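# Architecture at a glance
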Number of protein chains: 2
Amino acid sequence: MSKHNFDEAITLTGEYDSQTGSVSPAYQNMVGPFGGVTAATLLQSVLRHPSVKGTPTSMTMNFLGPIKEAGITVQPRMVRENRSNQHWIVEALCGDESVATATLVFASRANSWESTEITMPDVPSHTELESLTTEVLPPWVKQYDMRFVRGNPLLAPEQDAPPSETLQWISDLPERAIDFTSLCSICDAFFPRLFIHTRQMVPFGTVSFTVYFHVTQQELNELDDAWVLGHARASKFHGSYFDQTGEVWGSNGNLLATTTQLVYYKY
Amino acid sequence: MSKHNFDEAITLTGEYDSQTGSVSPAYQNMVGPFGGVTAATLLQSVLRHPSVKGTPTSMTMNFLGPIKEAGITVQPRMVRENRSNQHWIVEALCGDESVATATLVFASRANSWESTEITMPDVPSHTELESLTTEVLPPWVKQYDMRFVRGNPLLAPEQDAPPSETLQWISDLPERAIDFTSLCSICDAFFPRLFIHTRQMVPFGTVSFTVYFHVTQQELNELDDAWVLGHARASKFHGSYFDQTGEVWGSNGNLLATTTQLVYYKY
């Protein structure tokens, strides 16, 4: 059986403070690779590190500049280990040039009082919706099956919906069981809020991207299928930067991750 | 005229790759200093660095462990400079021990198309509300004037409000014109969501804290007063970590910042 494109894209070799990856043609974006896969690659560098303990709880990745090379060097460093968590910094380079940095918190989660304070949007099943056709969009979009409830970028904006909102089912294509790396990547798979609001294709670039993981490995194992529901909107477009806030839900109703990002734009 | 407590608390000396600060007794929390002031101190280390250009747009700070010393060393490093932005990493140490790391994006903002996508909550003016009395709360709380619309920690929870929500006016005490450092600190000045939801005082600790700044220096100069409206809620309490999402509005209706954090708890 051949490897899934996603696993191919985040493959790293090397032991372990300086690891090497290859940029995947399958996940190319307008300029360089899709940021979600780059973020997943940095996460993967910690996940495969022999010193790692626990599972990811938070990750912030800053995109410093476009990745123009075919190869990337990923350097994870554990800054501090506490009784129940670890703090990591990862730097990614193309040649001598820093292209991304990330800070991550891994934790051994304890059982605790639990409550989900927000409600999963009430939407049709992914089986009742049509897949986005991808002829006009960059290669990475073809690696996902996206089915829109609101904010389909190829349809006219809905009259009654908030103008920067997207609500969509998404799965890897072909389907792949959700893990922390694919969840991280999916958190960056929403189309840019400015494009959703204005339907103008202008220069964009995420500068900072944060994911909070709200599940254990066991809960990922218990998901019913490879589909998640993504919900994203913007707070403010201002002075050439806008933000995005989002949630990603398992189809069983479990809130898997919340995510934010800040994006440069020229418009 | 004596220095404001806040300016005292974030004062740094030293040129410039290794700066020194003192932990302020005024802003002590249950264990160590209030995290908002620590975050503001790391921001300040970049703001006073001679290489800085532009204003802060995003900041993520990870809290690695408690600050038990009276002194702190703050080491900012510019990782990359692009045409219109700069990427910084800051590491803070007590002696040889890393206690915090931060990544920041500074930018020279361009004029652009603008839109605020969320609505400022419709609330009474701060002059119509009572200040929180602070006898039972840690010292840092006394450095702020907090006036609650919803989520007053000293009153019984409101029947009809979301259980982890806070809506409050806040200003430095005495009043101090809002700048990027005080705005950063205020983004961390919400009481822990778990406490708001359960009213139980249990061990808490923020592990990661993100602020997106949505204003220019000129817009901060144009604020009518020293008061801002803060709005915060949680998405999920789970496996000994919960998140917080918030917005901070100027009293003139300008959305100044959006913020998230992930917090450890034992309950």
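Placed above this text is the structure.
Described below are features of the structure shown in this document. (Residues numbered from 1 in each chain as written. Chains lettered and ligands numbered in written order. Predicted model: local features only at pLDDT ≥ 70, side-chain atom pairs only at ≥ 80, totals over all residues. Heavy atoms only, no water.)

## Details of the packing of aromatic side chains
We count it as follows: Here a Phe, Tyr or Trp ring, Trp counted by its six-membered ring, pairs with any other such ring whose centre lies within 6.5 Å, and the pair is stacked when the planes are under 30 degrees apart, edge-to-face when over 60, and tilted otherwise.
With the rule as written, the count across this model stands at 29 aromatic pairs over all chains. By the ring-pair criterion, three or more aromatic residues cluster together here, those being Phe6(A), Tyr27(A), Phe34(A), Trp140(A), Tyr144(A), Phe148(A) and Phe191(A).

## Describing helix α2 (residues 35-47) of chain B
Residues and elements named next belong to chain B. Heads up, the rule is: Put simply, DSSP H or I for four residues or longer makes a helix, DSSP E for two residues or longer makes a strand, and each gets a number counted from the N terminus. Take the number of residues in a helix, subtract one, and multiply by 1.5 Å to get its expected span. When a residue's accessible area, from a 1.4 Å probe over protein chains only, is under 20% of the maximum for its type it is buried; when over 50% it is exposed; and in between it is partly exposed.
For α2, which comprises 13 residues, the first-to-last C-alpha distance of 18 Å matches the rise-based estimate of 18 Å (1.5 Å per residue) to within 8%. Within α2, 11 of the 13 residues are buried, which leaves the element mostly enclosed by the surrounding structure. Within the sequence span of α2, burial applies to Gly-35, Gly-36, Val-37, Thr-38, Ala-39, Ala-40, Thr-41, Leu-42, Leu-43, Ser-45 and Val-46.

## Points about the interface of chain A and chain B
Our working definition: Whether two residues touch is decided by their heavy atoms; if any such pair falls within 4.5 Å, the residues are in contact. Accessible-area loss on putting two parts together, using a 1.4 Å probe and summing over both, is the definition of buried area adopted here. Counted as salt bridges are all cases of a side-chain nitrogen of Lys or Arg within 4 Å of a carboxyl oxygen of Asp or Glu.
Contacts between the two partners involve 65 residues from chain A, matched on the other side by 65 residues from chain B. Taken together, both faces of the contact between chain A and chain B bury some 5400 Å²; the carbon and sulfur share is 53%. Of all residues in chain A, Trp113(A), Tyr212(A) and Lys236(A) give up the largest surface area on contact with chain B, accounting jointly for 14% of the area buried on that side. The interface formed by chain A and chain B holds four salt bridges in total. One salt bridge connects Arg77(B) with Glu91(A), and the closest N-O pair in it is separated by 3.9 Å.

## Concerning the packing of α2(B) against helix α3 (residues 180-187) of chain B
All names here are of chain B. Which entries qualify depends on this criterion: Every angle, taken between N-to-C directions, lies between 0 and 180 degrees, and every axis is a line fitted to C-alpha atoms, over only the stretch in contact when it is a helix. Roughly parallel means an angle under 35 degrees; roughly antiparallel, over 145; roughly perpendicular, 65 to 115; everything else is oblique. Take the far helix as your reference; a near helix turned counterclockwise from it by less than a right angle gives a left-handed crossing, and one turned clockwise gives a right-handed crossing.
Running from amino to carboxyl end, α2 crosses α3 at an angle of 150°, the nearest separation of the two axes being 8 Å. What the angle tells us is that α2 and α3 run roughly antiparallel. Here the hand of the crossing between α2 and α3 comes out right-handed. Touching Gly-36, Val-37, Ala-39, Ala-40, Leu-43, Gln-44 and Leu-47 of α2 are Phe-180, Thr-181, Cys-184 and Ser-185, all from α3.

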